[in-house]
Amino acid sequence: MKDEKRDIDLWSQIKKGDVQAYHKLYDRYINVLFTFGMQYTNDETLVQDAIHDIFVDLHRYRKTISVDVVVKSYLFKSLQNDIFKKLKSQTKTVRLDTMEEGIHQTGSTEDELIFNETILNKHADLALALASLTKKQRYALNLRFSEDLSYEEISSTLEISLESCRTLIYRSLKELRAKL
C-alpha cells in the first residue's frame, strides 16, 4: 500500500512536469519491467527499446495522462502492448523480406496473420502465467527448460534438496497448466 501511495505521488509530480519524479519512477521500475519484458521475447534490445519508448511516451504525453491509474499496472500493460507491437512489426518485416526474395509461401496471407496472432496470444498467455509464479518457481523453470540443467544441478544452484527441487518444478508446471 505504501508503494502504491509513492507511485501515485510520483505520477502526479510527473503530470506537473517534475523531471526528478520521472527519473525516480524509471529507476524504481526498470529492472522489474525488463524481467517482465524478457518473458515475451529473448531479444534484450527490443525489450530495452520498448521500456524506453513507454517512458518517452509518458514524458511526451504527461499533460494528458489520467490521474486515476494503478501506476504499476499501467507500466506493465504499456510495456506488453509495445512489445507486441514491435514483435508484430518484425513479423511483417520478415514476411515482406522473404516474399521479396521469391520464397514461395503456402497458404493465404490471412491464414498467416491468424497463425501469427494465435502464436502471439499464446506467448502472452504463457508470459502472464509465468509472471504469476513466484520468482523461485520462474528461476527453477528457467534453469530446467532454458538452461537445460539437470535436477541435481538445479537443486545445487537453489541450495535445496533434490526432492524439493523436483517438487518445486512439478508444482510450478502444474500451476502453469492450470492457468493455461
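The following paragraphs examine the structure supplied in this document.

Cut-off values and rules
- Residues numbered from 1 in each chain as written.
- Predicted model: local features only at pLDDT ≥ 70, side-chain atom pairs only at ≥ 80, totals over all residues.
- Heavy atoms only, no water.
- Helix = DSSP H or I, 4+ residues; strand = E, 2+ residues; numbered from the N terminus.
- Buried < 20%, exposed > 50% of the residue type's maximum accessible area, 1.4 Å probe, protein only.
- Contact = heavy atoms within 4.5 Å.
- Areas by Shrake-Rupley, 256 points an atom, 1.4 Å probe, with all protein chains shown as cover.
- Expected span 1.5 Å × (residues − 1).
- Arc of directions from axis to C-beta.
- Axes fitted to C-alpha atoms, helices over the stretch in contact; angles between N-to-C directions.
- Parallel < 35°, antiparallel > 145°, perpendicular 65-115°, else oblique.
- Nonpolar A, V, L, I, M, F, W, Y, C, P; charged D, E, K, R; others polar.
- Core = buried A, V, L, I, M, F, W, Y, C linked by side-chain atoms within 4.5 Å.
- Patch = residues over 30% accessible without salt bridge, like charges linked within 9 Å, V, L, I, M, F, W, Y side chains within 5 Å.
- Salt bridge = Lys/Arg side-chain N within 4 Å of Asp/Glu carboxyl O.
- Lys, Arg positive; Asp, Glu negative; His and termini not counted.
- Charge placed at Lys NZ, Arg CZ, Asp CG, Glu CD.
- Polar contact = N/O pair within 3.5 Å; in protein donor to acceptor, adjacent residues only side chain to side chain.

**Describing the overall build of the protein**
Now for step 1: Assigned secondary structure in the protein consists of 8 helices and 0 strands.
Now for step 2: What you see in the protein, going N to C, is helices and strands ordered as α-α-α-α-α-α-α-α.
Now for step 3: Within the protein, the proportion of its 180 residues that are buried is 30%.
Now for step 4: Looking at the protein alone, contacts between residues at least 24 apart form 63% of all its contacts between residues at least 6 apart.
Now for step 5: Accessible surface computed for the protein: about 11900 Å², of which carbon and sulfur atoms make up 52%.

**Comments concerning helix H1 (residues 2-15)**
An α-helical segment advances 3.6 residues per turn. Residues three or four places apart therefore align on the same side.
Now for step 1: Between its terminal C-alpha atoms H1 stretches 20 Å, which fits the 20 Å expected from 14 residues at 1.5 Å a residue.
Now for step 2: Listing the buried residues of H1 in full gives Asp-7, Leu-10, Trp-11 and Ile-14. Down the axis of H1, the smallest arc covering the buried residues is 105°, so these residues share one side.
Now for step 3: Gly-17 sits one or two positions beyond H1 and adopts a positive phi of about 100°.

**Some remarks on the packing of helix H6 (residues 135-146) against helix H8 (residues 162-179)**
Now for step 1: Remark: H6 packs on H8, axes separated minimally by 9 Å, with the N-to-C direction vectors making an angle of 100°. Looking at the two axes, H6 sits roughly perpendicular to H8. Residue-level inspection shows Lys-136, Gln-137, Ala-140, Leu-141, Arg-144 and Phe-145 of H6 in contact with H8, the latter providing Leu-168, Ile-169, Ser-172, Leu-173, Glu-175 and Leu-176.
Now for step 2: For the contact of H6 with H8, the class distribution of residues is 7 nonpolar, 2 polar and 3 charged.

**Remarks on the nonpolar core**
Now for step 1: Ranked by internal contacts, the top residues of the largest apolar core, which has 29 residues, are Leu-25, Leu-33, Phe-55, Leu-75, Leu-79 and Ile-83.
Now for step 2: For this core, the elements supplying multiple residues, two or more each, are H1, helix H2 (19-37), helix H3 (44-60), helix H4 (71-100) and helix H5 (109-132).
Now for step 3: Among the nonpolar cores identified, the runner-up in size contains 13 residues, and Ala-140, Leu-158, Cys-165 and Leu-168 belong to it.

**Examining a negative patch on the surface**
Now for step 1: There is a patch of like negative charges on the surface, built from Glu-147, Asp-148, Glu-152 and Glu-153.
Now for step 2: Secondary-structure assignment places Asp-148 in the loop between H6 and helix H7 (151-158).

**Some details on the environment of Tyr-40**
Now for step 1: For Tyr-40, the position within the fold is in the loop between H2 and H3.
Now for step 2: Distance in space between the C-alpha atoms of Tyr-40 and Ile-83 is 7.7 Å, their sequence separation being 43 residues.
Now for step 3: For Tyr-40, the contacting residues outside a window of four places in its chain are Gln-80, Ile-83, Phe-84, Leu-87, His-123, Ala-124, Ala-127 and Leu-128.
Now for step 4: In this structure the side chain of Tyr-40 is engaged in a polar contact, spanning 3.1 Å, whose partner is the side chain of Gln-80.

**Examining the environment of Leu-46**
Now for step 1: With respect to the helices and strands, the residue Leu-46 is situated in helix H3.
Now for step 2: Judged by its relative accessible area of 6%, Leu-46 falls in the buried class.
Now for step 3: As for Leu-46 and Lys-86, which are separated by 40 residues in sequence, their C-alpha atoms are 7.6 Å apart.
Now for step 4: The contact partners of Leu-46, leaving out residues within four places of it in the chain, are Thr-41, Ile-83, Lys-86, Leu-87 and Gln-90.

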